[in-house]
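# Commentary on secondary and tertiary structure
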Amino acid sequence: MPNKWIRIPPIWVQKRLWLANFMKNLSNIGRIFYGVAIAGIGLPTIFYRDFPYMLFPTQDFMASGHAILTYILGTLLILVGVCIVLEMK
């Protein structure tokens, strides 16, 4: 014979479950913002055809295939940002 009474957990258990769910959502939001920021570094790298100043100092880094390297780096940054947002490994 099934129990007709539904047992409601105490309020502290409900608050704890809510907090665990909130922290999981918060980590997902943080991961999405981080991935968008990484992809956001890649877009100006391709657009301006120059390395991001936070990775290489602008005057100190000169290479012969500078434009090709910036396109490759920008594309990689965009792909990495998308992979972080979509949780791909």
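Here the structure is shown first, and the text comes after it.
Residues numbered from 1 in each chain as written. Predicted model: local features only at pLDDT ≥ 70, side-chain atom pairs only at ≥ 80, totals over all residues. Heavy atoms only, no water.

### Let's talk about the pattern of salt bridges
- A complete count under the given rule lists one salt bridge for this structure.
- Of the charged contacts, one joins Glu87 and Arg31 as a salt bridge, the two residues approaching to 3.6 Å between their closest N and O atoms. Of the two residues, Glu87 is situated in the segment after helix H2 (66-85) and Arg31 in helix H1 (residues 11-48); the sequence distance between them amounts to 56 residues. (Salt bridge = Lys/Arg side-chain N within 4 Å of Asp/Glu carboxyl O. Helix = DSSP H or I, 4+ residues; strand = E, 2+ residues; numbered from the N terminus.)

### Structural notes on the environment of Tyr71
- Within the fold, Tyr71 resides in helix H2.
- Note: C-alpha distance between Tyr71 and Arg49 (22 residues apart in sequence) is 7.0 Å.
- With residues up to four places along the chain from it excluded, the contact list for Tyr71 reads Ile46 and Arg49. (Contact = heavy atoms within 4.5 Å.)

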